[in-house]
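Chain by chain, the residues:
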Protein chains: 2
Amino acid sequence: MTTETEEKALRYRRAQSVSKAEEITEQEKKVRKLQLDKPVHIPRDSLFSWSSEFNNFTGLVNWGFLMLSVGGLRLGLENFLKYGLRVNPLEWLIVLTGYNEGDRSQYPSVILIIFSIVPVVVSLLLEKGIAVDLLPEKFGIILQLSNMLFMVLLPIAVLHTKGNDFSFVGITTVCMLYLVIFLKLWSYVQTNYWCRLGLKKKYLDNKLRRQSLSAPNWKSKEDLINDTPAAARLTKYPDNLNLKDLSYFMLAPTLCYELNYPRTARIRKRFVIKRVLELFFGINLALALFQQWMIPTITNSVETFATMDPIRITERLLKLAVPNHLIWLCFFYLCFHSFLNLMGELLQFADRKFYEDWWNANNISVFWSTWNMPVHMWAVRHVYKPITGLGFSKFNAGIVVFAISALFHEYLVSVPLQMFRIWAFLGMMAQPPLAIISRHAEIRLGPRWGNLMVWSSLILGQPLAIMMYYHDYAMLHFKPTQEVP
Amino acid sequence: MTTETEEKALRYRRAQSVSKAEEITEQEKKVRKLQLDKPVHIPRDSLFSWSSEFNNFTGLVNWGFLMLSVGGLRLGLENFLKYGLRVNPLEWLIVLTGYNEGDRSQYPSVILIIFSIVPVVVSLLLEKGIAVDLLPEKFGIILQLSNMLFMVLLPIAVLHTKGNDFSFVGITTVCMLYLVIFLKLWSYVQTNYWCRLGLKKKYLDNKLRRQSLSAPNWKSKEDLINDTPAAARLTKYPDNLNLKDLSYFMLAPTLCYELNYPRTARIRKRFVIKRVLELFFGINLALALFQQWMIPTITNSVETFATMDPIRITERLLKLAVPNHLIWLCFFYLCFHSFLNLMGELLQFADRKFYEDWWNANNISVFWSTWNMPVHMWAVRHVYKPITGLGFSKFNAGIVVFAISALFHEYLVSVPLQMFRIWAFLGMMAQPPLAIISRHAEIRLGPRWGNLMVWSSLILGQPLAIMMYYHDYAMLHFKPTQEVP
């Protein structure tokens, strides 16, 4: 207690020295202390005055946290009082499988999920065919690309003929899975191509060197290192072309194919149990938030969006932003920490960099290169570097990456909704200009403002896109909009 | 960009060294780099895993700030859409003066405010009477106390006879003013008493010393210092007993009377202008928040409180907590920074410690001793120290301070509402036990939890008290509760 007051006294004394308030001499201080009226006042500034140089506001972080909690708790209670309990975990199984009381019992999503094994096996057979010279390389690669294209277009075709048998969540899952397999096969084909290219180059190089040096047993530095026991343990092309290796890659939490992944020594059981529990409770939390908070808000907002009243639209957008953002945060953690770490642990896959610290990102390009590391690593290794390798500029390569990413986003949204709008594509293509603006904000106004821009685009951009799609969807499917009572 | 990635690499390397992921030797790393499949994976942990030792979440502070802004903006829009614009600055003039279209044009609050000069002048005359030995000291002090008691009871008596002529805001202002004058006169009388006591003691001491030393010109150390030019400039008792000195004290931003206040060299015009602008816009903001947000919420909540449904009451309480807290923060800044600094600047009063950093307070007793420095300084100088000086324990003196403070709070609430409940008294008397609990929380759980407790009691305690008083008030005055449409 005494040290605390002493510390405060010290702080004030320091503040005093720069204060505009008149200084009193030591003599005067002594005299004042001896007066009979027990004086307590000394010249000093208020803490909020600039001259006090006071800047300790750490308690305000706790204040912000409490205000958020109070607001959140109240919103939860208000929602419960207005809508009652709308959470029903069973509903999700029906939504996922497309099962319904009537004749819709075909489980078409499940069938498509199981069918995804076929293009994977086809890809392996084609690769094997190229390796044993059964297929000319160029023709083989054309066949590979056709296989991948067929796979991506399959959900669209099936949906077009049997659209009514699908549930929205079911077809979204199918599209996501097929897109992941597409990216993985792309990496698989390209990596095997690099291996063949490398082997050919090495063979020609060594032949050339041996001829010019006229030393038939000449070995390069690389060859020497490749003779060590560490190298002997590594799988070499084309020994990797088997079903076990490809299955491991398909299940592994990465989109980049490698012949030899870094592995962990053992599976930590406690780690697995923690991730499983996180997944179970986290998914239920996210689904509960979605049913209880998001669906009523979206449904109630459609009519507002149709009126085009800017104040009401802003209010709806801000109302939607909060649950949407919370669900996205849940999804991020569940997907990129819980699920991918669980797969990594079970497969003893040692590289767990599924995300970096995007929450500290000071501009939007840093955010895009840190929040989803599997896709980022894939894009750098299989799109960005090959393009810059061909001599194109880094800027152009970046634009191509964003364009491909935009196409994928559009695919994930348009196919399940069966609505070919371009909102998702435009949303993604707005990112490079936004990145430039946020980079300027970071340089001109400081990193805090860059970070605020990243968070704003995240919190407000998503609900805007969602409302636009939902508005179009509702206008198409049920003209006189339904209201949740 | 390169330094950034290098820094990240360093961080991961550090994380790796403590990671459970298997370490790979330098030899293996070299070998892997020479493989043809361009490997990108290395063993590393996810940032959220404990083993990564990552703890930089500074971006989340910006996130919290944005979520608060989004929530606040939406609440504001929702309020506007629901209630329209209810802000009317003119209404406050009517409320303050008690003026109404009918016969209530007596401005009774204004008359009582002007009348407050009388007890002040009476107190000066009594003090003068004691000083010139016209009144015996004990009898004089009894008269002083009677004068102060009469002043405090006057609003109650006037309200009792002419209650209908008063507006709520008017009578609250009167009560606040009379209480401040009461505290100031208490300090005035006690300080003058100390001066007389000191002079008598000094006189006797010096007489005794001179007799014993048989040196008629002996001077104590104190006497020597009091002969310096610095001391000559100070006012001495009873020269202070004049109207100018008392008027300065009455207007000065302090409750503690001193014969010689520290003064500033000049009035800073820019400082005055800033404070006046803050007051003008701040008061309008606080009143707008009150009319637009607080009144509809309170009015809508009365019926809920009568039903005694715990979930609905909690929802209402949390809804009320946010605007109430924001208005309290406005009030704090306007009162303790803008207004008191303005008075201090105009009167060249140099001691501006009207508040300390209560927002960082880690337990409730620190909060109470830092948020309102004028009252705290008064309580320590005129209640706590005299009581401990009499030999009572610090704990007992603290309880007496809280009890007196509780009485004052009750006075400020009960008199204007004309309802003698004890909610305010109990609320204040709950503070010592709360202080003990929060002190335990600070020691056991760390300072952050102590600070969270302080903020919680501030954010949630006030609206609870307000709702209890308003509930009783509404039950008394308009039985079938009115609802804002």
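Residues numbered from 1 in each chain as written. Chains lettered and ligands numbered in written order. Predicted model: local features only at pLDDT ≥ 70, side-chain atom pairs only at ≥ 80, totals over all residues. Heavy atoms only, no water.

*Asks:* Report on the overall build of chain A, specifying residues and quantitative values.
*Replies:* Scanning chain A for helices and strands turns up 19 helices and zero strands. Taking all 485 residues of chain A together, 47% fall into the buried category. Considering only contacts in chain A between residues 6 or more positions apart, those separated by 24 or more positions represent 73%. (Helix = DSSP H or I, 4+ residues; strand = E, 2+ residues; numbered from the N terminus. Buried < 20%, exposed > 50% of the residue type's maximum accessible area, 1.4 Å probe, protein only. Contact = heavy atoms within 4.5 Å.)

*Asks:* Any details on the UniProt feature "active site" (unreviewed entry) in chain A? Residues and values, ideally.
*Replies:* Residues and elements named next belong to chain A. Per the UniProt annotation, the sites labelled "active site" (unreviewed entry) are His409. Summarising the element assignment, His409 is placed in helix α16 (residues 394-417). Contact partners of His409, with chain neighbours within four places excluded, come to Ala424 and Met428. (UniProt positions renumbered as here; feature names shortened; annotations may be inferred.)

*Asks:* Residue-level account of the environment of Ile156 of chain B, with values.
*Replies:* Residues and elements named next belong to chain B. The topology assignment puts Ile156 in helix α7 (residues 137-162). Look at Ile156 and you get partly exposed, because its relative accessible area is 28%. Here the alpha-carbon distance between Ile156 and Leu177, two residues 21 residues apart in the chain, equals 14 Å. The residues contacting Ile156, other than those within four sequence positions of it, are Tyr411 and Val415.

*Asks:* With reference to specific residues and values, describe the interface of chain A and chain B.
*Replies:* Each side of the interface is counted separately: chain A has 114 residues, and chain B has 114 residues. Together, the buried faces of chain A and chain B total about 10,100 Å²; carbon and sulfur atoms form 65% of this surface. In this structure, the connection of chain A to chain B is made through four salt bridges. A salt bridge links Glu315 of chain B to Arg74 of chain A; the nearest nitrogen and oxygen atoms lie 3.1 Å apart. (Buried area = accessible area lost by both parts, 1.4 Å probe. Salt bridge = Lys/Arg side-chain N within 4 Å of Asp/Glu carboxyl O.)

*Asks:* Could you give an account of the relation of the copies chain A and chain B, naming the residues involved and the relevant values?
*Replies:* Overlay of chain A on chain B (RMSD 0.1 Å): rotation 180°, translation along the axis 0.0 Å. The relationship between the two copies is best expressed as a two-fold rotation axis. A shared binding surface is used by both copies, with 99% of the interface residues of chain A retained as interface residues in chain B. (Least-squares fit on C-alpha atoms with pLDDT ≥ 70 in both.)

*Asks:* Tell me what's going on with the packing of aromatic side chains, and back it up with residues and numbers.
*Replies:* Each aromatic ring pair is specified by the distance between its two centres and by the angle formed by the two planes. For the structure on display, the rule yields 68 aromatic pairs over all chains. A ring pair is formed by Trp359 of chain A and Phe54 of chain B, whose centres lie 6.1 Å apart and whose planes are at 70°; its orientation type is edge-to-face. Pair noted here: Trp359 of chain A is in the loop between α13 (310-346) and α14 (364-368) and Phe54 of chain B is in the loop between α2 (26-33) and α3 (59-83), and the two residues belong to different chains. On the accessibility criterion, Trp359 of chain A (2% relative accessible area) is buried. For Lys38 of chain B, the ring lying beneath its charged end belongs to Trp194 of chain A, and the centroid distance is 4.1 Å. (Phe/Tyr/Trp six-rings, centres within 6.5 Å; stacked < 30°, edge-to-face > 60°. Lys NZ or Arg CZ within 6 Å of the ring centre and 35° of its normal.)

*Asks:* Explain unusual backbone geometry to me, and be specific about the residues and the numbers.
*Replies:* A cis geometry characterises the amide bond from Tyr237 of chain A onward to Pro238 of chain A, with omega recorded as 5°. With respect to the helices and strands, the residue Pro238 of chain A is situated in the loop between α10 (229-232) and α11 (243-251). Unusually for a residue other than glycine, Lys38 of chain A sits at a positive phi of about 45°. With respect to the helices and strands, Lys38 of chain A occurs in the loop between α2 (26-33) and α3 (59-83). Here Lys38 of chain A falls in the partly exposed class, since its relative accessible area comes to 45%. Although it is not a glycine, Gln348 of chain B adopts a positive phi angle of roughly 55°. Within the secondary structure, Gln348 of chain B sits in the loop between α13 (310-346) and α14 (364-368). Assessed through its relative accessible area of 22%, Gln348 of chain B is described here as partly exposed.

*Asks:* Talk me through the pattern of salt bridges; I want residue IDs and the actual numbers.
*Replies:* Counting across every chain of the model gives 26 salt bridges over all chains. With a shortest N-O distance of 2.9 Å, Arg275 of chain A and Glu278 of chain A are connected by a salt bridge. Note that Arg275 of chain A and Glu278 of chain A are positioned in helix α12 (residues 269-307) at a spacing of three residues, about one turn of the helix. By relative accessible area, which is 7% here, Arg275 of chain A ends up buried. What emerges from the salt-bridge pattern is a single network uniting Arg74 and Glu78 of chain A together with Glu315 and Arg316 of chain B.

*Asks:* Break down the packing of α13 of chain A against helix α19 (residues 447-477) of chain A for me, with residues and values.
*Replies:* Residues and elements named next belong to chain A. For the pair α13 and α19, the least separation of the axes is 8 Å and the interaxial angle reads 110°. If you check the angle between α13 and α19, you find them roughly perpendicular. Contacts between α13 and α19 involve Leu317, Leu318, Leu320, Ala321, Asn324, His325 and Trp328 from the first element and Trp455, Leu458, Ile459, Leu460, Gln462, Pro463, Leu464, Ile466 and Met467 from the second. (Axes fitted to C-alpha atoms, helices over the stretch in contact; angles between N-to-C directions. Parallel < 35°, antiparallel > 145°, perpendicular 65-115°, else oblique.)

*Asks:* I'd like to hear about the confidence of the model for chain A, residue by residue, with values.
*Replies:* Any segment with low pLDDT has predicted coordinates that should not be analysed in fine detail. Residues and elements named next belong to chain A. Per-residue pLDDT for chain A has a mean of 84; in total, 87% of the residues score no lower than 70. Under a pLDDT of 50 for its full length, residues 16-23 has, in the predicted model, 16 contacts with residues more than four places off or in other chains. Among the prediction metrics, the complex's ipTM stands at 0.76, with pTM recorded as 0.73. (pLDDT = per-residue confidence, 0-100.)

*Asks:* Which residues make up the packing of helix α18 (residues 431-445) of chain B against helix α19 (residues 447-477) of chain B, and what are the values?
*Replies:* A packed helix pair is summarised by two numbers, namely the angle formed by the two axes and the spacing between the axes. All names here are of chain B. One way to put it is that α18 packs onto α19 with a least axis distance of 6 Å and a crossing angle of 150°. Taken together, the axes of α18 and α19 lie roughly antiparallel to each other. Taking contact as the criterion, the partners of Leu434, Ile437, Ser438, Ala441, Glu442 and Leu445 in α18 are, on α19, Pro447, Trp449, Gly450 and Met453. Looking at side-chain class alone, the contact of α18 with α19 contains seven nonpolar, two polar and one charged residues. (Nonpolar A, V, L, I, M, F, W, Y, C, P; charged D, E, K, R; others polar.)

*Asks:* Break down a nonpolar patch on the surface for me, with residues and values.
*Replies:* Residues and elements named next belong to chain A. Together, Tyr107, Val110, Ile114, Ile117, Val121, Leu125 and Leu243 make up an exposed nonpolar region whose accessible area comes to about 630 Å². For the nonpolar patch, the secondary structure elements donating two or more residues are α5 (108-115) and α6 (117-131). Take Val110: it is sitting in helix α5. (Patch = residues over 30% accessible without salt bridge, like charges linked within 9 Å, V, L, I, M, F, W, Y side chains within 5 Å. Areas by Shrake-Rupley, 256 points an atom, 1.4 Å probe, with all protein chains shown as cover.)

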